[in-house]
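# Analysis of the macromolecular model
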Amino acid sequence: MMARRLLPRVLATLLFAITGVVPQLPAQRVVDLTATDGTKLKATYFAAGKPGPGVLLLHQCNRQRKVWDGLAQQLAAAGINVLTVDYRGFGESGGDSFDKLSPEQIAQIQVEKWPGDIDTAFQYLVSQPGVTRDMIGVGGASCGVNNSVQTARRHAEVKSLVLLSGNTDLNGRQFLRNSAKLPVFFSVADDDEFPPTVLTIEWLYSLTSNPGKTFVHYATGGHGADMFPVHPELPGIIVDWYVTTLVKTPGRAPATKDAPAIPPEVHILDQIDQPGGVAQVGQLLEETRKHDPKAMLFSEASVNFMGYEHIQSGDTKGAVEIMKLNVTAYPNSPNAYDSLSDAYLADGQKDLARQNAKKALELLPSDTTDNELRRNGIRTSAEQKLKQLADTPQ
């Protein structure tokens, strides 16, 4: 660790000895931000030293803001001011550590606190002297992808996005579909520790309406900013992207000439996501299985996730239809029935919620797809619903 800290100084000394010139590294300072509820957020500001655009970088949820240091320094050297920030509960920021919170508590903080926290960081960035307030880029990895897209939804000043190894929600996807003037850069590696991420990034790329979108796809590299050490050229590619979309041709990127091949499942997912799409895919599944009874048009996990997104957005009837499609495709999956039970419960259809929770329990003994931990989770979920429904008037 000590050698890493000394290396920049040693290189600077050698350069001075050879040329007599002291290299100027981008100025950076650690800053304390205060969220609306008083929570202290730690951030680092990398000043470009001259007027120019700004970029806000939002880290992945298994790291903290310092994963961006190298990229931020390169951006500052290229004339772009950068702010990195630790989410509450991460790194040096205040708040309860996320590894000590329940999934329900984490979800609540992400929905209720993170948007305001990120807006606090955004306002700090655009308020800095020399930052061009209406020419801002946002970049995120993993959970930072959704945070970046939602930030762009809230702030018209955002003119460029960089999204690494992550997903966004129903509203975020619709925003990308409707934002033809917002250039977006995507990157992912096939060996990502969260396998569905690869399909997700391909999906987000395919639905993004801006013709200047770019996709850098690697065979190896890991998750999010972990790709940087494996592919040291990637930060430079991102710097070039921001220089193009924020400096040279603000808000624009050249149209992609060679679009990457997108797996058929991506187009199926996008169809399900559209009005009337569930019925169309259901019909396609029926026709396909007449020729191949074992045909799979989509992954159970991807469609299951979409169904819960519709529940969270208040579209419970849409969620029911999506979960029913999943049950049709995976009739032996206890998880598919348990999820359908959740959708029926959210929609107020208690009898059907009860029936599908019981079906999930009936299928568990013959389930060879899920591991024991997952089977236990499905059992607990179904039993809790049945207990809740037993205490609820019909």
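Quick notes on the rules
Residues numbered from 1 in each chain as written. Predicted model: local features only at pLDDT ≥ 70, side-chain atom pairs only at ≥ 80, totals over all residues. Heavy atoms only, no water. pLDDT = per-residue confidence, 0-100. Contact = heavy atoms within 4.5 Å. Pairing = 2+ DSSP bridges. Helix = DSSP H or I, 4+ residues; strand = E, 2+ residues; numbered from the N terminus. Axes fitted to C-alpha atoms, helices over the stretch in contact; angles between N-to-C directions. Buried < 20%, exposed > 50% of the residue type's maximum accessible area, 1.4 Å probe, protein only. 1 Å grid on protein atoms, 1.4 Å probe; cavity = no way out; pocket = protein on both sides within 12 Å on 5 of 7 lines; lining within 4 Å. Points joined across faces, edges and corners; volume = space filled by probe spheres on them. Nonpolar A, V, L, I, M, F, W, Y, C, P; charged D, E, K, R; others polar.

## Some thoughts on the confidence of the model for the protein chain
Counting all residues, the mean pLDDT for the protein chain is 92, and 92% of those residues have values of 70 or more. Long-range and interchain partners of residues 1-23, a stretch whose pLDDT sits below 50, account for six contacts in this model, where long-range means more than four residues apart.

## A short note on the sheet that holds strand β5 (residues 131-141)
Across the sheet, eight strands lie side by side as β1-β2-β4-β3-β5-β6-β7-β8; this open sheet has mixed pairing. Among the strands making up the open sheet, the edge pair consists of β1 (27-34) and β8 (214-218). In this sheet, adjacent strand axes meet at a mean angle of 20 degrees when their direction is disregarded. In terms of strand pairing, strand β3 (residues 52-58) meets β5 through six bridges, oriented parallel. Residue Leu 56 lies in a different strand from β5, and its bridge partner there is Val 138.

## Things to note about the pairing of strand β2 (residues 40-47)
Extensive coverage of β2 is indicated by the burial of six of its eight residues. The sheet contact formed by β1 and β2 spans eight bridges and is antiparallel. Paired with Val 31 across the bridge in β2 is Ala 43. The turn linking β1 back onto β2 is made up of five residues, and Gly 38 within it adopts a positive phi angle of 95 degrees. Where β2 lies against strand β4 (residues 81-85), four bridges are found, and the strand directions are antiparallel. Bridge pairing in β4 places Thr 44 opposite Thr 84.

## Structural notes on empty space enclosed by the protein
In this structure the tally under the stated criterion is one cavity of 30 Å³ or more. Taken together, Leu 41, Val 85, Asp 86, Tyr 87, Arg 88, Asp 117 and Ile 118 make up the lining of the largest cavity. Residue composition of the lining of the largest cavity, by class: four nonpolar, no polar and three charged.

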